[in-house]
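Residue-level structural notes
So you can see what is in the structure, the chains are spelled out below.
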2 protein chains.
Amino acid sequence: MDKAINPEKDGSENLSAQIYADLRLKLIVGELRPAESLSIRTLAEKYNVSAMPVREALRQLASENALIGVAKKAYRVPDLTSDEAANLFFLRAVLEGAAAEVAVANIKEADFTLLSRFVDDMEKTWAKRDCSAFLLSNFHFHRHVYSLTGNGALQDMIEALYVRTGPWLALGIVNLENPDHWMGEHPEIIAALRAGDAAEARRLTEEDARWGMQLYRELG
Amino acid sequence: MDKAINPEKDGSENLSAQIYADLRLKLIVGELRPAESLSIRTLAEKYNVSAMPVREALRQLASENALIGVAKKAYRVPDLTSDEAANLFFLRAVLEGAAAEVAVANIKEADFTLLSRFVDDMEKTWAKRDCSAFLLSNFHFHRHVYSLTGNGALQDMIEALYVRTGPWLALGIVNLENPDHWMGEHPEIIAALRAGDAAEARRLTEEDARWGMQLYRELG
DNA sequence: GTGCTTAAACTGTGATCACAGAATCACTCA
DNA sequence: TGAGTGATTCTGTGATCACAGTTTAAGCAC
C-alpha cells in the first residue's frame, strides 16, 4: 500500500495541503514516533510527487512545532521532555476546559449518540491494543465537543495540541505496564454535558487532559 | 528604504524564516491592512530574493490563518467579521488570563520596571497617534507578561493571536472617533502583579483582551 | 581491534522555468 | 451608453536543477 496522492479526487486544491493533512493525522494518531526523521525526498517518493509540495508541508508542520526543522538537517518528530509535555497538557486543559463550558449551550440530542459511539470505539480499540485507532477515536470524541463551540480559531488551536501530543501519547501507551488501568473520563463528560452542568464538564475535561501526564509518570 | 534581507548578519539561518518573521511583525503592528493582497513575486522583488523563500513564508502564515491563501489567487490579509474577531479576543482572554495567573508566581522586581516602560511607550505613542508604534508597545507589554510563564507553547499561541488581530485593531484605532477614550488596564495589571493577586491579574487581563471588541462596537 | 581521516551519500535551501487558473482591462457590438 | 467578450496580465503551484552543509560509512594507519 503506497501513500500515493490522487490530485483529482481529493478535496484539497493543492498537493501541499493534502500531504500536510496526511502527515498531520499520522502525528495525531501516533503513527509517527518521537525522534523519527522525515526526509523530503523519501516522502516525495512515497507520495509520488516532487519534493516541492512535501517541503512546504514539512515546513508548515515545523512552523507549528509539530516537527523540528533545523537548517540543512532532516526534519524530525519532536522528542518532548516531560516539561514540554506538561506545558502542552496544561494548554489542553485550559482550552478544552473553556471549550467544554461553551459547548454545553450548543449541544443537541444527536451529538450524544455520536459521542457515545466514539466512546465505544475507544473501548474496543483499547481492548485490541490498537494504539492508532484508539488515539483516533479519542481525538474524534474531543474534536466533536470542541467543535460545538463554533469557534474556529479555538478548534484549530486545540487540534494543533493533539498533533503535538500524539506521538508522545502513542509512545506512552505502547510502553504502558498495566493496560487495564484505563482512565477515561469520557462517559462522565457526556453525562455532565447532558445534565447541562458547564462547570462539571469543564472540570472533567481538564482532568482528562491531565491523563496524558499520568501516562508519563507511570513510566517513571 | 528597501526591505532587502541580509542573509549574513541576520540571526535566522534561512531566508524563509526571516521573511516570515518580518511579515509576522508587520501584521502584529497593523502595518498590513485587512483585505490587503500580498503577491509572491512583488514581495520577492522587495526583499531582493527569489520567489521561493517568500512563498514558503506566505504559506506558513496562511497555515496559521494569519493570511488567507486560496489556490491560484493572491494571498490576502484576512478581513475579519465581527464574529471571527470576537472568537479571537475570547481566546486572548482565556489564554492571557491563564498566563497572567501563572506569571504572578515568577515575576521579579526587574520585570516591573520593564513593564512600566512599555506602558509609558504606549501612552506616548497613543498621544502621537502612531498606531504601529502603539500596537508594538502594547504587544511588548503583554508578551513580557506571558513570557513569564515559561510555557513556550502558550507563548506561541498567544502571539499567533496578536498576529491575527493586529490588522483588525489597527483599522479600528485609526477610525476611532474620540481618541481620548483610552481604555488601557495596564497600570492596574502591573499593580495586581505586584500585589501577587493572581485572580485580579487574570480578571484585568481578560478585561483588557476585550478592549479590542469595544473598539469595534464604537465603530458600529 | 581501535581511532582517525576522508570520501560518498544524504540533508534542506534557493533559483529558475513551465503551466494553469483568476482577474483585469480594453475593445466591440448592440 | 452599456453589456458582453476577448486577450493580456497576474496569480500561485509544481518540477527540476545546483549548491552547501551534515551525516554516515568505509578505509587506512596505528
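Located above this text is the structure these notes cover.
Residues numbered from 1 in each chain as written. Chains lettered and ligands numbered in written order. Predicted model: local features only at pLDDT ≥ 70, side-chain atom pairs only at ≥ 80, totals over all residues. Heavy atoms only, no water.

Take the interface of chain A and chain B next. Contacts between the two partners involve 30 residues from chain A and, on the opposite side, 31 residues from chain B. At the boundary of chain A with chain B, total buried surface from both sides reaches about 2500 Å², with 59% on carbon and sulfur atoms. Contact with chain B buries area across many residues of chain A, yet Glu 56, Arg 59 and Met 157 of chain A alone supply 24% of it, more than any other trio. At the junction of chain A with chain B, the criterion picks out four salt bridges. There are eight residue pairs in polar contact (both at pLDDT 80 or more) connecting chain A and chain B. Those elements that provide at least two residues to the side of chain A that touches chain B are helix H3 (51-63), helix H4 (82-106) and helix H7 (152-174) of chain A. (Contact = heavy atoms within 4.5 Å. Buried area = accessible area lost by both parts, 1.4 Å probe. Salt bridge = Lys/Arg side-chain N within 4 Å of Asp/Glu carboxyl O. Polar contact = N/O pair within 3.5 Å; in protein donor to acceptor, adjacent residues only side chain to side chain. Helix = DSSP H or I, 4+ residues; strand = E, 2+ residues; numbered from the N terminus.)

So, about the protein's contact with DNA strand C. Taken together, 20 residues sit near DNA strand C, with Arg 41, Arg 55 and Lys 72 of chain A together with Leu 15 and Ser 50 of chain B positioned nearest. Each atom of DNA strand C within 4 Å of the protein was assigned to sugar, phosphate or base; sugar and phosphate come to 59%. Between DNA strand C and Ser 39 of chain A, the relevant distance is 3.3 Å, taken from a phosphate oxygen to a side-chain nitrogen or oxygen of the residue. The side chain of Arg 59 of chain A places a nitrogen or oxygen atom 3.4 Å from a phosphate oxygen of DNA strand C. Within the residue set of the surface near DNA strand C, elements represented by two or more residues are helix H2 (40-47) and H3 of chain A together with helix H1 (15-28) and helix H3 (51-63) of chain B. Element by element, the count of residues in the surface near DNA strand C is highest for H3 of chain A, at three residues. Classifying every residue of the surface near DNA strand C gives eight nonpolar, four polar and eight charged. (Near = heavy atom within 4 Å. Nonpolar A, V, L, I, M, F, W, Y, C, P; charged D, E, K, R; others polar.)

It is worth spelling out the packing of H1 of chain B against H3 of chain B at this point. All names here are of chain B. Orientation of H1 relative to H3, taken along the N-to-C sense of each, is 50°, at an axis distance of 8 Å. If you check the angle between H1 and H3, you find them oblique. Classified by chirality, the crossing of H3 by H1 is right-handed. Contacts between H1 and H3 involve Leu 15, Ser 16, Ile 19, Tyr 20, Leu 23, Arg 24 and Leu 27 on the former and, on the latter, Pro 53, Val 54, Glu 56, Ala 57, Leu 58, Gln 60 and Leu 61. Each residue belonging to the contact of H1 with H3 can be placed in one class, and the counts come to ten nonpolar, two polar and two charged. (Axes fitted to C-alpha atoms, helices over the stretch in contact; angles between N-to-C directions. Parallel < 35°, antiparallel > 145°, perpendicular 65-115°, else oblique. Left-handed = near helix turned anticlockwise from the far one by under 90°.)

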